[in-house]
Structures are given as structure tokens and as C-alpha cells.
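Observations on chain architecture
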Amino acid sequence: MSSKLELKDVHQLNGTGPAASPCSSDGPGREPLAGTSEFLGPDEAGVEVVVIESRANAKGVREEDALLENGSQSNESDDVSTDRGPAPPSPLKETSFSIGLQVLFPFLLAGFGTVAAGMVLDIVQHWEVFQKVTEVFILVPALLGLKGNLEMTLASRLSTAANIGHMDTPKELWRMITGNMALIQVQATVVGFLASIAAVVFGWIPDGHFSIPHAFLLCASSVATAFIASLVLGMIMIGVIIGSRKIGINPDNVATPIAASLGDLITLALLSGISWGLYLELENWKYIYPLVCAFFVALLPVWVVLARRSPATREVLYSGWEPVIIAMAISSVGGLILDKTVSDPNFAGMAVFTPVINGVGGNLVAVQASRISTFLHMNGMPGENSEQAPRRCPSPCTTFFSPDVNSRSARVLFLLVVPGHLVFLYTISCMQGGHTTLTLIFIVFYMTAALLQVLILLYIADWMVHWMWGRGLDPDNFSIPYLTALGDLLGTGLLALSFHVLWLIGDRDTDVGD
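Residues numbered from 1 in each chain as written. Predicted model: local features only at pLDDT ≥ 70, side-chain atom pairs only at ≥ 80, totals over all residues. Heavy atoms only, no water.

Per an unreviewed UniProt entry, the protein goes by Solute carrier family 41 member and derives from Cnephaeus nilssonii. What UniProt records for the protein under Subcellular location (unreviewed entry) is the sentence "Membrane". Here the protein is described in UniProt, under the heading Function (unreviewed entry), as follows: "Acts as a magnesium transporter." (UniProt positions renumbered as here; feature names shortened; annotations may be inferred.)

Pasting the structure below:
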């Protein structure tokens, strides 16, 4: 009886048998049976045609599966194709080796960029503008931190958009580019202006000395440096992310380190050159300082209008100021430590190492934060309760020793610290940079500070990204500025502490004050 029913249904669906009656066993108003093609009949060709039709037209639960439940030879793949909707994107399957391989070369490139920035800072610290207007040192971590406040946030935001398919069409790509470039110009101008105010305040509080020409010099130098550096680095970031997607590399692994590879060097070179050029005109063209500030401020309405046109950046334009401004303030505290330490002739050698330790820590934690954020975006939206629910206070064992992919990447990034810094220290030594001899005790103290900095940052990143996600905040926009600013503060503070301890214990072979 079962075989007759199967053959009858096959012939009806292929047009070889009598047409199905509306009053048949399917019941009134029901669609003709689709899916009996699973049962093999004598006509193999006819069955193949039915397979095509049933896949194209079946909707809902197929009733013949229930009818022929006991004797069916159904194909499980058909049930999957009809009963399930489109599967959400799954997290990228990456091994520790693949993560390390993709991160290694951008990490080394970024490290050599920080080494070059350190060499530049070691040279320019003796320039007259840095000697007479020492508040410029306070601007160094704040403006170098823009790569974390703006460029790394841009890289993380665009990497997530690329990984979840929001940059696949030319229209979406162009909208993302114009909106994000306009957004970072607004943020760079405002942050540059606020950084100059912070430098003036932090310079005035300890000494009680305030100079209006110096204040305008700091403002003009800071705003111009922030604007130009963000424009150049933003275009580089967009090119890196588009290129990474085309060659099949995860942008999260390469975009943020490359953002810093030239970021420190370009920003420090611009700050030194602009401040020196403006300082030369201090006596003859004092009015040029407010004109420079007014020019960049006048461009703000243009960037605001462009940023508001893109839905992806409109929200950040209104709500993304808190992390950027607080991060700038944290970095300025690190700048105050740098100013007070480097100004002491006994610790002049610290200048060449500060951008290196700050840059390496910021680069590694930015990679981790960007990866965790992308992982969470693939499983839902910020604030949603899912299997990836935010953890209130993760344990260090969970952060570094669990089997999940984020813990694996944390271990890989932490293991890069020592070999990376050894390469950078050797490079500085070969280039005869700084005023410090690389003795064994100095390397031990330096490595201890670097490892402690990265260990703390990776743990905070694991907690902060999940905590922000649970509050409905997008970690791409909020976490990296805090993390990189903390990296600047921890790096500068721990390095200054190491130099002071070396000086106190009388490590004369290190020659920290040569």
C-alpha cells in the first residue's frame, strides 16, 4: 500500500498522473504535496525533477513526512534546508599559530615605528622649544595616544563592519569611509584643543607659572598635529582594512598594529616640526597662533554634517566623546610623569624608551579588544542576553588559560612581549639611541615593567569589553581609548619607577643619566 501511494504522488507532481483533487487527503485549501521526491521510485529522472521543485517551493513543515513517517527514507539535508533559516555568521576558526603569524609582522612593524618615534623624541628633547616650553612633553603621550583614541577605534569599528558584511557593496563602503573620516576629524580637532588645555593646566599647577603666548603655541601645535595626523592615518587604515579583506586576512589582527606602526612617528614628527616652526615666530607673528586655531575650528561644521549623514557614525558623534576625553586626560597624566622625569638630567635616557613600551602595550591590548568585540558582534547585539553573556569579574585563569579563542589570543599576545621588546632594545642599542647602556639588570627591570603592563591591560580588556557589552555599549567605540590611555599611563609610570629604582640602587653601569 505504501509503495502505491509513493508512486502515485510522484506521478502527480511530474504531471504524468491525474491532477490532485482539491478534496483529496491533503484537505481543502492546502498546497499540493512537495517533498515525496525523497522516496525512490522506478523513474529516477522523475525523482530528480521533484527534488528541485520541492527544494524551491516547500514552506513550513512538510506534511508527507508525518504521513509516511514509519516507512520513509528521507534525506536529512532536505529538512535542514527547509526548516531552518539562514545561519548567523560564526566566529572565525583560528589556531594559536595562525593568530600569532598574522599578528607578528604588523606587531614588529608597529614596534619599529615606536622605536623610530623614541629616537625622534630622544633628539628633539634637546630642542629649544622643548627646553623653554616644557609643557610640550605633556602633549606627547596625549597626542601619540590619539592612535588609540581615534585611529585604533576607527580600525576596530571598520574591522567589525567588514567581518559582519557591512562593507561588501560599494555604496556601503563609501558611506562608511566618508562618515568615519569626518568623525575622526571632529574628534581630533576637539581632542587636540582639550589636550592643549590639559597641558597648560598640568604645567601651571606645579610651578604656578602661566604664559599666554605659550598657551596659544600649545593650542595651535596640538590642534594642527592632531588634525593632520588623523587625516593621514585614517586613510592608511581604510586601505589596510580593504586590502586585508581582499587577501583573506582578518583585519582585527593587522589593522590596529599598523595604525600604530607609523602613528607614533608621524604624530611626534608633526608635533616637533609644527611646535618648532611656531616657536620661531613667537616674537614676530604672535597673532598666527590664534589664526591657526581658528582655521581648524572653522572646519568643524563641515565634518559634523558629513559625519551625521552616516547612521554608523551619527551615534558615535553624539555619544562617543566620554571615552575619548577621559582617555586624553589619562594620557596627559602620563605626560606629566614624562615631563617631570625627562626634565631631570639623571633620567634623560627614559625618553627613547617611553614611546616603545607605551606603543607595544597599546598595540597588543587594542588587538585583543578588537577581537573580543568582533566575537561578541557575531553572536548578537550589545546588551543582548546570550551564551556570550558579559562576565562581571573574570578570573585571571579564565582570561589566560581557558580553551576559548579569546583566551588563546591573549596567551599569544602576552608571549610576544619579551621577544618583541628584545628586538626593539637591540635595535635601539645598534642605533646608539638614548643615554642608557643596556645592562642585564636594566633589561630585567625593563622586561618586568613591560610584562606587568601587558598582563594588566589584557585582563582589564577582558573585563571591560564584556562589561560594556552588557551595558549596551559598543566596545569598538568605547573600550580601546580607555585601554590605550591606561597603557600610556602604566607604561610611563612603570618605566619611570624602574629608572628611579636603578638610580637608587646605584646601577652605574646602566648610566641612566649620561
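**What to know about the overall build of the protein**
The secondary structure content of the protein amounts to 22 helices and 0 strands. Per-residue burial over the protein gives 51% buried out of 514 residues. Contacts spanning at least 24 positions in sequence make up 83% of the contacts within the protein whose residues lie at least 6 apart. Accessible surface computed for the protein: about 23000 Å², of which carbon and sulfur atoms make up 65%. (Helix = DSSP H or I, 4+ residues; strand = E, 2+ residues; numbered from the N terminus. Buried < 20%, exposed > 50% of the residue type's maximum accessible area, 1.4 Å probe, protein only. Contact = heavy atoms within 4.5 Å. Areas by Shrake-Rupley, 256 points an atom, 1.4 Å probe, with all protein chains shown as cover.)

**Here's the deal with the nonpolar core**
Of all hydrophobic cores here, the largest spans 92 residues; its most connected members are F353, L364 and Y446. Apart from residues lying up to four places away in sequence, Y446 is in contact with F353, V356, I357, H421, L425 and L495. Counting residues in hydrophobic clusters, the runner-up holds 17 residues, among them A369, A461, W469 and I480. (Core = buried A, V, L, I, M, F, W, Y, C linked by side-chain atoms within 4.5 Å.)

**Remarks on the confidence of the model for the protein**
Chain-level pLDDT for the protein is 75 on average; 75% of the residues reach the 70-or-more range. Low pLDDT, under 50, characterises residues 1–91; the stretch is placed with 67 contacts to residues that sit more than four places away or in other chains. (pLDDT = per-residue confidence, 0-100.)

**Examining the packing of helix α16 (residues 321–342) against helix α22 (residues 475–504)**
Viewed as axis vectors pointing N to C, α16 and α22 meet at an angle of 10°, and their least axial separation amounts to 8 Å. On the basis of the axis angle, α16 is roughly parallel to α22. Contacts between α16 and α22 pair E322, P323, V324, I326, A327, I330, S331, V333, G334, I337, L338 and T341 from the former with N477, F478, P481, Y482, A485, L486, D488, L489, T492, G493, A496 and H500 from the latter. Grouping the amino acids of the contact of α16 with α22 by side-chain chemistry returns 15 nonpolar, 7 polar and 2 charged. (Axes fitted to C-alpha atoms, helices over the stretch in contact; angles between N-to-C directions. Parallel < 35°, antiparallel > 145°, perpendicular 65-115°, else oblique. Nonpolar A, V, L, I, M, F, W, Y, C, P; charged D, E, K, R; others polar.)

**Overview of the environment of Y426**
Relative to the helices and strands, Y426 is located in helix α20 (residues 417–430). Assessed through its relative accessible area of 58%, Y426 is described here as exposed. In the structure, Y426 is positioned 12 residues away from L438 in sequence and 8.7 Å away in space, judged by C-alpha atoms.

**Details of a nonpolar patch on the surface**
On the surface, F193, I197, V201, W204, I205, F210, I212 and F216 cluster together into a nonpolar patch covering about 770 Å² of accessible area. Among the elements that take part in the nonpolar patch, helix α9 (residues 170–207) stands out by supplying 5 residues, more than any other. (Patch = residues over 30% accessible without salt bridge, like charges linked within 9 Å, V, L, I, M, F, W, Y side chains within 5 Å. Salt bridge = Lys/Arg side-chain N within 4 Å of Asp/Glu carboxyl O.)

**Topic: the packing of aromatic side chains**
Evaluation of the coordinates by the stated rule reveals 15 aromatic pairs. With a centroid separation of 5.9 Å and 55° between ring planes, the pair formed by F107 and F424 is classed as tilted. Of this pair, F107 sits in helix α5 (residues 96–124) while F424 sits in helix α20, and the two are 317 residues apart along the sequence. Exposure remark for F424: the relative accessible area of 0% places this residue in the buried category. When the ring of F400 is compared with that of F414, the centres are 6.4 Å apart and the planes differ by 65°; the resulting orientation is edge-to-face. Of this pair, F400 sits in helix α18 (residues 396–401) while F414 sits in helix α19 (residues 405–415), and the two are 14 residues apart along the sequence. A connected cluster of aromatic rings, assembled from ring pairs, spans F227, F295, F296 and W303. (Phe/Tyr/Trp six-rings, centres within 6.5 Å; stacked < 30°, edge-to-face > 60°.)

**Notes on the packing of helix α14 (residues 300–309) against helix α15 (residues 311–319)**
At a minimum axis separation of 5 Å, α14 and α15 run at an interaxial angle of 125°. On the basis of their axis angle, the class for α14 and α15 is oblique. Residue-level inspection shows V304, A307, R308 and R309 of α14 in contact with α15, the latter providing P311, T313, R314, L317 and Y318. Per-class residue counts for the contact of α14 with α15 are 5 nonpolar, 1 polar and 3 charged.

**Digging into helix α17 (residues 354–377)**
Taking 1.5 Å per residue, 24 residues should reach 34 Å; α17 reaches 34 Å between its end C-alpha atoms and fits that length. Taking burial as the measure, the 24 residues of α17 include 24 buried ones, the bulk of the element. (Expected span 1.5 Å × (residues − 1).)

**So, the environment of N346**
The topology assignment puts N346 in the loop between α16 and α17. Along the sequence, N346 and W503 sit 157 residues apart, while their C-alpha atoms lie 8.2 Å from each other.

**Description of helix α10 (residues 212–247)**
In this model, α10 (36 residues) spans 52 Å end to end at C-alpha, consistent with the 52 Å of a helix rising 1.5 Å per residue. Downstream of α10 by one or two residues, G248 has phi in the positive range, about 85°.

**Re the side chain of S272**
In this structure, S272 sits in helix α12 (residues 263–280). A distance of 2.8 Å separates a polar atom in the side chain of S272 from the backbone oxygen of L268. The residues contacting S272, other than those within four sequence positions of it, are V124, W127 and F130. (Polar contact = N/O pair within 3.5 Å; in protein donor to acceptor, adjacent residues only side chain to side chain.)

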